[in-house]
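Geometric and topological summary
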Amino acid sequence: MAATVRLSSKGQIVIPKEVRDSLHWSAGVELTLVTTEHGVMLQTKPTQKHKLPAKSLRGFLQHKGEPVPTETLCKPVEYTNDRF
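The structure displayed is predicted, hence computed values, not measured ones. (Residues numbered from 1 in each chain as written. Predicted model: local features only at pLDDT ≥ 70, side-chain atom pairs only at ≥ 80, totals over all residues. Heavy atoms only, no water.)

Quick look at a nonpolar patch on the surface now. Nonpolar side chains collect at one region of the surface, where Val5, Leu7, Ile13, Val29, Leu31, Leu33, Val40 and Leu42 lie side by side and expose about 680 Å² of accessible area between them. Judged by relative accessible area, which is 38%, valine 5 ranks as partly exposed. (Patch = residues over 30% accessible without salt bridge, like charges linked within 9 Å, V, L, I, M, F, W, Y side chains within 5 Å. Areas by Shrake-Rupley, 256 points an atom, 1.4 Å probe, with all protein chains shown as cover. Salt bridge = Lys/Arg side-chain N within 4 Å of Asp/Glu carboxyl O. Buried < 20%, exposed > 50% of the residue type's maximum accessible area, 1.4 Å probe, protein only.)

The structure is reproduced here in structure tokens:
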């Protein structure tokens, strides 16, 4: 989606409603303005509430099958040139 906007004398732009709606941007959303070689890019500012503690990921990857002993998991991986 593309839209043409005009820069005001105060350096402000209005993001068209169709664009805001398609991106689910409502009043108060914080945006980051990033300069690129082609111009500028707007993206939503990352919020702290999306960060999770590492322990909340426990059990995220499920293994189906026999339990794997810790000793096996901690073994160093040996690579040979045959694989590449």
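Counted by the stated rule, this structure contains 2 salt bridges. With a closest N to O distance of 2.8 Å, lysine 17 and aspartate 21 form a salt bridge. Note that lysine 17 and aspartate 21 are positioned in helix H1 (residues 17-23) at a spacing of 4 residues, about one turn of the helix. A relative accessible area of 42% means that aspartate 21 is categorised as partly exposed. Lysine 45 serves as the salt-bridge partner of glutamate 30, at 3.2 Å between the closest nitrogen and oxygen. Taken as a pair, glutamate 30 in the loop between H1 and strand S1 (31-36) and lysine 45 in the loop between strand S2 (39-44) and helix H2 (70-73) lie far apart in primary sequence, 15 residues in all. Accessibility expressed as a relative area gives 44% for lysine 45, which makes it partly exposed. (Helix = DSSP H or I, 4+ residues; strand = E, 2+ residues; numbered from the N terminus.)

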